[in-house]
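This is what each chain is made of:
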Amino acid sequence: MTVNAAPPAVRTLLAAEDLRVSFVGTEVVRGISLSVAPGECVAIVGESGSGKSVTARSLLGLAGPGSVVRAGAFRIAGRDALGFGPGDWRRLRGRFAGLVLQDALVSLDPLRTVGAEIGEVLAVHDAVPRARRTERTLELLASVGVPDPAARARQYPHQLSGGLRQRVLIASAIAAEPELIIADEPTTALDVTVQAQILRLLAERKAGGTALLLISHDLAVVASIADRVLVMKDGRTVEEGPTGQVLSAPEHPYTRSLLAAVPSAASRGTRLSTAPPLVGAAARTAGESPAVGGGPRTAAELPPAGGGVRVAGEPPPVGRAVSRAWPVLAGVGLSKSYGARTVVDEVSFVLHEGETLGIVGESGSGKTTLARLALGLLEPDAGRVSLHRRPWSGVPERGRRPLRPRIQLISQNPLDSFHPRHTVGRLIAEPLSLSVSASLSASLSASASASRSLSRGERRDRVLDLLARVGLGPEVAGRHPRELSGGQRQRVAIARALGPRPDVLVCDEPVSALDVSIQAQVLDLLAEIQAEYGTAMLFISHDLGVVHHVSDRVLVMKDGQVVEEGDVEQVFTRPRHAYARALVAAVPRLPRARDVNVT
Amino acid sequence: MIKRLGTGLAVMWAAATASYLALLLAPGDTVDILVGEGADTPEIRAEIIAEWGLDRPEAVQYLDYLWRLLHGDLGRSYQLDRGVGEILASQAGPTAQLTLAAAAIGVTLAGVIAVATAGRGRWLRGAASAAELVSVSVPPFLIGILLLSVFSFTLGWFPVSGAAGPQALVLPALALGLPIAGVLGQVLRGGLERALEQPFAVTARARGLTERALVARHALRHALLPAVTLAGWFTGALLGGAVITEVLFGRPGLGQIAMQAVTGRDMPVVMAVVLLSAAVYVTISTLLDLSYRAIDPRIGG
């Protein structure tokens, strides 16, 4: 194992060599060496399951119940941590190192006021005399940029915005003036402008001499603040070094694939993932084709299965054809209010055949309500929606039902939309048995006779076909959604949505819960599907990089209104509205070095 | 608050009406009961019918009953020839003592066991779990008989029956409180263990809190939420269990009165006991509903 030899002049706060953490026999951290010096920011980057969070928590003796922590050497604040008992660890926690977790809504006690949470740290470590605790709490809140601290201190976490809550969490972590802040995904649940504020706040602490250990899945976040980066995979360090070097000239293939997987302006029109996602594509039956409209496709047109390895950066296999002539889905002057709160305010949009319309905005901007209006799940208070130039809002559900198969939803968390006791095969087969419209024209003439029920065998073939299309093998059909990984589940959701051969896919944050490499595969899959079937997509995301990567046109929403609309390049390079400019400016960026990605 | 009061009144009215209907449907003639062991002549029967107004149509009798209820008149007992209100007032004291003592035992035991065993080793948890399961599944009268045979008949520590002094309260309160401790203990421990796995518990530990402080200052309050939702069951178990326990231990109280009234078909008393139970139920669930809001600031507001 490599040992981080810190310069001898610098006092090391924390140094671990060959750190290993195992849970009931399974080793999840397999020999990590790291050190942190005062005023330094070290980042651990990795995807879920890489062991980065367990590593961070084991540095506070909080690896969790049933964990066994071993190390070649483990020194904290000049003491040997290998012999620490519970009392030793407790005295270090909060005092030597403060912990900031993701999502303060659950990381702060929801039943206590935020003032009490901060005061608790002061009390435990006797940081200030009892009489000064309230005063100190308010000072801390002010120091992390919480306005009107006296009023905020009496509020509960759910009464504060996401950004303010995260500031409170940071205030509680720094209350006893620790030398080290361990921040585990501190900005992951936040909107991009709020993320920028929190990163600035952490950078200020670092400038003040506090050391920072940052755990993140987001390379761009790390790029803006870290001095050194460790890239972790499967419990091991695959690469480490100064941030600039690791991110602009990565040596390890895994680091390179991670960097290539980040969607951005530069990645438009290219593949993000390197490995071919198709598994078991051979299971596709020759006779059946999932093609919509364009007639059956030959095997030669299909993406290669297993044989040809596609490389990130390549254009997708089939070109895109956007036909501006035919608006598949349109909304005019849509408004929706809940009580006195207007959630969607006079929004109009048009989605053409084969086109992707990106909708960006921060939480509470009305994106998801707009998606529900578009899906005909919610009636607008004013305005109307049309699907294939037929009224889609303001009609009884019975009138909508024949057209329902033409518009499908892919949501952020597919697990919530799956019946937990059904197998994957049954989940995908369900929409198939409701209605099978042979083609678009058949459905538009609304002939119920065009719908017929599939036989068991046909349905099974179609399920396997759909699974193969999204890169899953036939064995997945017999499994339950819980047994699948996040990426596999989202593939199943896509297969289910493709089943009725829709013309419109409404994608509501479809990749927000996924790791960057899985996100890359899913985005590539969606691009392939669009290229192959000409499906139009309403693509909703808070992630500007993702929207930039996939969209043809973009709507920027704020407080229920569309503040900017236009071609994707225009919106992202020359935004007109002040909010759109702020949004684009707040996106953390990677150093520009895409040339090194191409192998 | 007004809505809550309305709901409470509706429950009371439903209880009054249901018990009145039960009276109508009950087999046997009211006059027979009123005549009882006394002389049975047509003259006496006519006198009784006139005195109790039994010749009026049933709807009129029902409305008259409700009207008298509204004025706080619970009627007269058929058997004891005393005002029902008076009977209840004299018997409510011992029952209140018993149920409150049982509730205190149940809540205290549940709390102590849950805090002591939450998140601890397999053996300790398993033992507590088994004890809870036994106390829940064994009927209270059996627990009572066991307690009696061990502590009264064999050891002679406590009196076998009666309500003389605090010593006489120990065994019946235990018999009634143990099943409550069992259910409540399981719910509390489950709540504690869930709370201790939440991200805020990691944050609290990272502040340097001891496990004990974490339970006392954070987790216990979270565990109370599911426990409070058990309020309805809790009240019902106490009231229903009180009847059996009082009879078993020969304690005076509402349970004894209810038992005698049911066997003697003394319907005014039965109905009054039903009404009183409904009133207690409504009051307690309202109080606990309010406490729910005090525990969880996320509710209502």
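Residues numbered from 1 in each chain as written. Chains lettered and ligands numbered in written order. Predicted model: local features only at pLDDT ≥ 70, side-chain atom pairs only at ≥ 80, totals over all residues.

**Some details on the packing of helix 5 (residues 84-117) of chain B against helix 12 (residues 254-263) of chain B**
Each pair of packed helices gets described by two things: the angle between the helix axes and the distance between those axes. Residue and element names in this part refer to chain B. Between helix 5 and helix 12, the least distance of the axes is 7 Å, while the angle of their chain directions is 130 degrees. Classified by the interaxial angle, the pair formed by helix 5 and helix 12 is oblique. Between helix 5, through I87, L88, Q91, A92 and T95, and helix 12, the contact on the second element is made entirely by L254, G255 and I257. Here the residues of the contact of helix 5 with helix 12 sort into 5 nonpolar, 3 polar and no charged. (Axes fitted to C-alpha atoms, helices over the stretch in contact; angles between N-to-C directions. Helix = DSSP H or I, 4+ residues; strand = E, 2+ residues; numbered from the N terminus. Parallel < 35°, antiparallel > 145°, perpendicular 65-115°, else oblique. Contact = placed C-beta atoms within 7 Å. Nonpolar A, V, L, I, M, F, W, Y, C, P; charged D, E, K, R; others polar.)

**Thoughts on the domain arrangement of chain B**
Residues and elements named next belong to chain B. One can read the domain layout of chain B as domain 1 (2-70) and domain 2 (89-295). Placing a centre on the C-alpha atoms of domain 1 and another on those of domain 2 gives a separation of 35 Å. Facing the 12 residues of domain 1 at the interface are 10 residues of domain 2. In terms of residue count, the dominant contributor to the side of domain 1 that touches domain 2 is helix 1 (residues 2-25) (9 residues). When its residues are assigned to classes, the side of domain 1 that touches domain 2 shows 8 nonpolar, 3 polar and 1 charged. (Domains from an automatic or database assignment.)

**Some thoughts on the sheet that holds strand 14 (residues 356-360) of chain A**
All names here are of chain A. Read from one edge to the other, the open sheet built from 6 strands follows the order 17-18-19-14-20-21, with strand pairing classed as mixed. Bordering the open sheet on either side are strand 17 (407-410) and strand 21 (561-567), each of which pairs with just one other strand. Each strand of the sheet is rotated relative to its neighbour by a mean of 15 degrees, with strand direction disregarded. Of the strands in this sheet, strand 14, strand 18 (504-508), strand 19 (536-541) and strand 20 (553-558) are in contact with helix 12 (residues 367-374), which crosses strand 19 at around 155 degrees. (Pairing = 2+ DSSP bridges.)

**Here's the deal with the UniProt feature "domain: ABC transporter" (unreviewed entry) in chain A**
Per the UniProt record, "domain: ABC transporter" (unreviewed entry) is annotated on residues 14-259 and 329-584 of chain A. Helix makes up 38% of residues 14-259 of chain A and strand 26%. Its end C-alpha atoms lie 29 Å apart. (UniProt positions renumbered as here; feature names shortened; annotations may be inferred.)

**A short note on the interface of chain A and chain B**
Where interface size is given, it is often the accessible area lost as the parts come together that is meant. Facing the 21 residues of chain A at the interface are 19 residues of chain B. Contributing elements (two or more residues each) for the side of chain A that touches chain B: helix 2 (86-92), helix 3 (104-107) and helix 4 (114-124) of chain A. When residues of the side of chain A that touches chain B are assigned to their parent elements, the largest contribution, 3 residues, is made by helix 4 of chain A. Along the lines of polarity and charge, the residues of the side of chain A that touches chain B split into 11 nonpolar, 4 polar and 6 charged.

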